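Chain by chain, the residues run as shown.
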Amino acid sequence: MKPFSYATALSPESARQLASSSKHGAYLAGGNDLLGLLKEGLVEADLLVNVKALPGLGKIEQSGAGWSIGALATVAQVEKHPGLKAAFPGLAAAAAEVASPQIRNVATVGGNLAQHSRCWYFRHRDTLCLKKGGDHCFARNGENRYHTLFTGNPCVSPMVSSLAVAFAALDAVAVVVREGKELRWSMADFYHRAWENPLTHHSLEPGDLVVRVEVPLLRTRSAYLQASEKHAFDWALVSCAAATGIDGGKMKGPRIALGSISPMPHQAEAANTFLEGKPLALDDATATQAADLLLKEAQPLEHNGYKVPIALALVRRALLQLQS
Amino acid sequence: MPDPVPAPGALAWPAETRVVGHSTHRIDAEAKVTGRARYASDIQADGWLYGMILRSKWPAARVAAIDLAPALQVPGIVAAVPARDGERTIRFYGEELAAVAGKSKQACLDALRAIRVTATPLPFVVREDDAKADGAAPVWDTAANFIPGTPKEQGSVDAAFGECAAVVEGFYTTPVQIHHPLETHGNTVSWTDDGVTAWASTQGIGSVRDGLAGALQLDQSRVRVVTEYMGGGFGAKFGPGVAGILAAKLSRQAGAPVRLMLTRFDQALAVGNRPSSFQKIRLGALADGTLHAFDFENYGTAGIGAGKASEGGGGGANLPMPYIYKVPNVRTKQAAVAVNAGPASAFRAPANPPASFGMEGAMDDLATKLGVDPVAFRIQNDPNPIRQREYKVGAEKFGWAQKYRRPDPAALALATAGPIRRGVGCAGANWGGGGNKNTGAEVEIHSDGSVEVRLGVQDIGTGTRTVIAVVAAEVFGLAPEQITVRVGDTRFPPGPGSGGSTTCPSVSPAVLDACTNALRQLQTQAGLSDIRDAKGANWAAACRKLGAGTVAARGMWQPGLSSSGAGGVQFAQVAVDTEIGLVTVEKIVAVHDCGRIVNRVTTESQINGGIVMGLGYALYEERVMDPASGVVLNPNFETYKLSGMADVPDIDIVLLDMPERGVIGIGEPATIPTAAAIANAVANALGVRVFSLPITPAKVLAALGKVPSPTPA
Amino acid sequence: MNAPDPNPDDAPLLGTHSRRAFLKGFGAITISAAASQTQAVAAELEKLNAEKIVGPGPVPVTLRVNGETLSLSLEPRVTLLDALRNVSTYTGTKEGCDRATCGACTVLLDGAPIYSCQMLAIEAQGHAITTVEGLAQDGKLTPVQKAFAERDATMCGYCTPGFVMAATALLKENPHPTPADVRRACSGNLCRCGTQPRVVEAVLQAAGGAADNGTPGDLHA
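Throughout this document, residue positions are counted from 1 along each chain, in the order its sequence is written. In the order they appear in the text, chains get letters beginning with A and ligands get numbers beginning with 1. Side-chain atom pairs in this predicted model are given and counted only at pLDDT of 80 or more, local residue features only at pLDDT of at least 70, and totals for whole chains, interfaces and linings cover all residues. Water and hydrogen atoms were dropped before computing side-chain values, which therefore reflect all heavy atoms in the structure.

Peer 1: So what exactly am I meant to see when it comes to the sheet that holds strand β11 (residues 223–226) of chain B here?
Peer 2: Whether parallel or antiparallel, the strands of a sheet pair through hydrogen bonds between backbone atoms. All names here are of chain B. Within the open sheet, the seven strands sit side by side as β3-β5-β1-β12-β9-β10-β11. Their pairing is mixed. The open sheet has two edge strands with one neighbour each: β3 (77–82) and β11. Neighbour-to-neighbour, the strand axes of this sheet turn through a mean angle of 20°, independent of strand direction. Both strand β1 (residues 49–55) and strand β5 (residues 96–102) contribute to a ladder of six bridges, which runs antiparallel. Within β5, the residue paired with Gly51 across the bridge is Ala101. In this description, contact between two residues means that some pair of their heavy atoms is separated by no more than 4.5 Å. The axes used here are C-alpha line fits, helices contributing only the stretch in contact, and every angle between their N-to-C directions lies in the interval 0 to 180 degrees. Comment: elements are numbered from the N terminus, with helices defined as DSSP H or I runs of at least four residues and strands as E runs of at least two. The sheet strands contacting helix α3 (residues 105–114) are β1, β3 and β5, and the helix crosses β1 at an angle near 25°. Packing of helix α7 (residues 241–254) onto the sheet brings it into contact with β1, β3, β5, β9 (186–192) and β12 (258–261), and relative to β3 it is tilted by some 130°. The criterion for strand pairing is that DSSP finds at least two bridges linking the strands in question.

Right, dumping it as structure tokens:
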């Protein structure tokens, strides 16, 4: 790690001012991602602004038609919160799959959403890949077993946030403060820039601060599943969340999202539309049809075609899990 | 009547043991669970400096100059040395270029960035198949990357295959595996006018002493190596290594002790690995199930450790085939292939786990083809009577007869089968080991009854300290915790390096000899006052007779107390999710023999350890090189994956006690058959074989034919 | 110590000269048992530091480790692990990866297990830090430590302090864990020697339960 200065912010405004007072100011919350990047020399930061003391941003509370989860709430809090767990079992399950207990205890919701690529070329100190301003994506024709099935740009590194996948299925809104104003972003908004631009991994600009995520109470059933190479503390090869409301035993507003196969949570409107009004007690064939709608445009690379059958299976299983 | 003290030259293990062969808690467990144990990386010698190594970012390069002056300008930096003087060629990513020492880790990090290296990148090759190809970049100037091995034939293989009732073929591959002990390689070295002291994280304090003395041109008597605690080695931690020599040079330049531990990144690049293997196997049997013909071609890489003498599998890439089986007609052809990657080193049971994976896979496939039970097939063709017995004991314990089903690919197609398929498999192991006759020990008995045993061995986590206490306690009629054991210092009598399952059979006889000699002396003195048996209940009274004196005795390894040749068999049960490809190992039954067991609980822990490591080899571990940039893509624990708490199966261990054989080590055989047994269980579950380790979801799904082709670019 | 210090010694680093002078009186490493006093100092420090930019050179950092107060002078980039192991003498906390992947550096921060390698020391101010050295009181092992010793859940022992910390936190939160709970709670800790089966047995023993170690399938059952 190179030397940097340090400050603790007490308000979002002071956080922004402090961070912008330096050439490469960065916010520090849980620190898992940022310190990892700094240790490998992958990002420049000459000032870290600790935002963990910002008042009120750690709260998890029910408000009106939904729940509000402060961006500084830890992943462990999301995992263990009885109210959230009852309202959104898929979200709690996604939180429980994040890394290890030690990481969940410090990782924040905002940090989980904003974490950068885990592509091993990007994370390598001695490769200058496209995502780091180099001229090509090493993974596209290289070791791409962990990479995307869908992308809108030459970089094939996927979004790996488990929470984003669950939030996407729940139609959650991330509230981002930019220049003192609140922006309300869907998960698609949160990552759309990464779809287009290999240099970024989300849509945040320097100085933007995620302050909370609002989850509407429309979908009372939700599920999250991930497939990994190991049984715990491993990145998802593919993750999948499904959520739906219920109206007379039928699905209302069903949503499916997949992680680790695209620079953003992968969703297909066709699949959601197909499922609308289908019985909650879905049969396997219908679930399979929905899964096919999500994966039919998949473009496997040389070493990651196996993600297609995994994704199909997870969609089917997540949908079937909504019944219980 | 008391047991007589054995006469000199007639040393034997007692017929009835009180402590040996039972379970004794590790005598250093408390130090470990409280954080009191000082590892090499914990040493804070007076005025110590932090040390770090600069490594090559090129997989191959001609280095013209290394300018250390800017590093020495960094505040807090006290010393900087090049890894080698003059121009040189770098042959792998991560090769050492220079080292610095300073007052903080931060100062060292800044200094490494400040060093200027003038180098010309050279062509490189990092993949085995690429390196074999015509026109590949040469790893060494002096030899080809690949010299095809010379076939070695016994019997008449081609004709023999014609006589076989069943023949199977397969192309088996295993990855390069990295040792990754939890404590990285490294030392604190202090070089003063009195000589060199190194606190080393090593498996062989003597090897570090001799290596440092040679490299620094000092008398071996002026180098002291201390290893009170160290955090695992698995074969890679012998000698001072480049890091130890650089730490010494930094210490001399700085005039202060330097602690230079590798980073995890360093560990993945430059301090050893298990070579890969690419095994083409053809195996045939006669109609009665007797193995008859075996044809084997193999190559693998030992990184830059191959190449200079690649024919015949240089650098450790040669596999002992047809492993544990008796085949009358055998042809083998093996070679190592050099690539621009860190050199291989010994790794727990070198060459055996990949040999086991290939051979045992072929055995299972052949059993299936012949329509015979794989366990019975092994008993028929493995001439070792102990393993034959182990198969019978293990099959009973495991419930093999109830669990084994001949694999049926057609069953997979049944929609009613559900996604989870279970399977079982087994495999056998063989290892030599044996004691080191140069092992000595010394014992001091004090008049207050306290006892010290000193031995220049190191406890690498296998329980050596406790083994020494157990043997001494047995001789003196005391409890192991009454024995003070001092190890890990080259000032003590010479001990063995801890490798090859040789430590326990080396130290146990030496300690038995030394303690027996000490007891004889004590008995002589105490006998003057009519104490006929100085042991146990009379111990304190006998020792009091020493007055102002002590008993000091030495002993050496003696023949007849230890032996070599340990086998073992393991059974695995797996559940495979055929939709997502995940393999879950549910159960392992391990039946092993290691002669006379000295300490049962630590012996069993060693077997657990071998299995957990074998599990990683089977399912998770693989060094991944990037052919385009030449770097190791996973120099970390994030994508170089070790077995975790959630992955480890239920393990049942059966130890065959054979005290009549003497003490035999267990560390290596315990890890040999695990991956093969798991791979066989997966093949049994799926009805198709995954021929490549690690068995990842990607490979399982590919074997099942479920993976779509890549989209054309 | 290696980058230009924007806060030379005579500059008002913490708002006032007198505060700086007072803190300097602690010296480089001072351990004091007067916890209430020093905790107040840490809280005050935190407040005074708030919204002020410090570093990149060494700045005073006050840590509360095992109930004792540690006053250090550290660059902001120094991790808690580095501060414990290398700047101070708490070497029971091990470094295995320095990347939040192996768990050897696990300490408790206000009772919760965290990786000390991936937290800055300066961030850990004002929190109660417990290392493995802080568990046994008056030489008496805790039930977790005792069970690790008795069940041979330590081999080379390098990962052991991290496992002990993770297990200690688990039993505080869940005094009667199942084998699956233990596997999950310790999944952030790696062991290369293969103590995992013994760790499960030890933690269950410490919890006063049976010592069946379960199977991986339990996790997702």
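Peer 1: Help me understand the interface of chain C and chain B in this model?
Peer 2: It is common to report an interface's size as the accessible area lost on association of the parts. Counting residues at the interface gives 60 residues for chain C, matched by 67 residues for chain B. A 1.4 Å probe defines the accessible area here, and the buried area is the portion of it lost by two parts on being joined, summed over both. Between chain C and chain B, a total of about 4,800 Å² is buried, with carbon and sulfur atoms accounting for 56% of that surface. By definition here, a salt bridge exists when the distance from a side-chain nitrogen of Lys or Arg to a carboxyl oxygen of Asp or Glu is within 4 Å. For the pair chain C and chain B, the interface holds seven salt bridges. A salt bridge links C:Lys94 to B:Asp42; its shortest N-O distance comes to 2.4 Å. We define a polar contact as two N or O atoms separated by no more than 3.5 Å, with the added condition that, inside protein, one atom must be a possible hydrogen donor and the other a possible acceptor, whereas residues neighbouring each other in sequence contribute only through side-chain atom pairs. Viewed at the interface, chain B and chain C are joined by 28 residue pairs in polar contact (both at pLDDT 80 or more).

Peer 1: Can you help me understand the domain arrangement of chain C in this one?
Peer 2: All names here are of chain C. Assigned domains within chain C: domain 1 (17–134) and domain 2 (143–220). For the pairing of domain 1 and domain 2, the buried interface totals around 1,100 Å² over both sides, and the portion due to carbon and sulfur atoms is 63%. Taken together, domain 1 and domain 2 are joined by zero salt bridges. Counting across the domain 1 and domain 2 interface gives four residue pairs in polar contact (both at pLDDT 80 or more). Listed by contribution, the elements that provide at least two residues to the side of domain 1 that touches domain 2 are β4 (106–109) and β5 (112–115). Gly falls in the polar group here, along with every residue not listed as nonpolar (Ala, Val, Leu, Ile, Met, Phe, Trp, Tyr, Cys, Pro) or charged (Asp, Glu, Lys, Arg). Split by residue class, the side of domain 1 that touches domain 2 holds six nonpolar, eight polar and three charged. These domain boundaries are the output of an automatic or database domain assignment.

Peer 1: Sorry if this is basic, but what is going on with the packing of aromatic side chains here?
Peer 2: Aromatic ring pairs: the centre-centre distance and the angle between the two ring planes describe each pair. All names here are of chain B. Stacked, tilted and edge-to-face are the three classes applied to pairs of Phe, Tyr and Trp rings, where Trp contributes its six-membered ring and a pair requires centres within 6.5 Å; stacked means planes under 30 degrees apart, edge-to-face means over 60, and tilted covers the rest. A complete count under the given rule lists 20 aromatic pairs over all chains for this structure. Residues Phe278 and Tyr299 carry aromatic rings whose centres are separated by 4.9 Å and whose planes lie at 5° to one another, so their mutual orientation is stacked. Here Tyr299 lies in strand β14 (residues 291–300) and Phe278 lies in strand β13 (residues 277–285), a separation of 21 residues in the sequence. Owing to a relative accessible area of 11%, Tyr299 belongs among the buried residues under this scheme. Put simply, the rings of Tyr391, Phe398, Trp400, Tyr404 and Phe571 touch in pairs and so form one group of aromatic residues. Should the NZ of a Lys or the CZ of an Arg lie within 6 Å of a ring centre and within 35 degrees of the ring normal, that charge is described as sitting over the ring. Lying across the ring of Phe398, Lys403 places its NZ or CZ 4.4 Å from the centre. Over the face of the ring belonging to Tyr229 we find Arg465, whose NZ or CZ atom lies 4.4 Å from the ring centre. The cut-offs for exposure are 20% and 50% of the maximum accessible area for each residue type, with area from a 1.4 Å probe on protein chains only; residues under the lower value are buried, those over the upper are exposed, and the others partly exposed.

Peer 1: Any chance you could explain the side chain of B:Thr227 here in plain terms?
Peer 2: Residues and elements named next belong to chain B. Examined against the element boundaries, Thr227 turns out to sit in the loop between β11 and α7. Among the polar contacts listed, one links the side chain of Thr227 to the backbone oxygen of Ala200, at a separation of 2.8 Å. Among all residues touching Thr227, those that are not within four sequence positions of it are Ala200, Thr202, Ile205, Gln458, Val487 and Gly488.

Peer 1: Please clarify how the interface of chain A and chain C should be interpreted in this entry.
Peer 2: Listed by partner, the interface residues are 43 residues for chain A and 41 residues for chain C. Surface buried jointly by chain A and chain C totals about 3,100 Å² across both partners, of which 57% is contributed by carbon and sulfur atoms. Sorting the residues of chain A by area buried against chain C places A:Tyr6, A:Lys39 and A:Gln102 first, and these three jointly supply 23% of that buried surface. The interface formed by chain A and chain C holds five salt bridges in total. Ionic pairing is found between A:Lys80 and C:Glu173, a salt bridge with its closest N-O pair at 3.2 Å. At the boundary of chain A with chain C, the tally comes to 19 residue pairs in polar contact (both at pLDDT 80 or more). Secondary-structure elements contributing two or more residues to the side of chain A that touches chain C are β1 (5–8), α1 (12–20), α2 (32–39), β3 (47–50), α3 (75–80) and α6 (101–104) of chain A. Residues belonging to the side of chain A that touches chain C are distributed by class as follows: 19 nonpolar, 14 polar and 10 charged.

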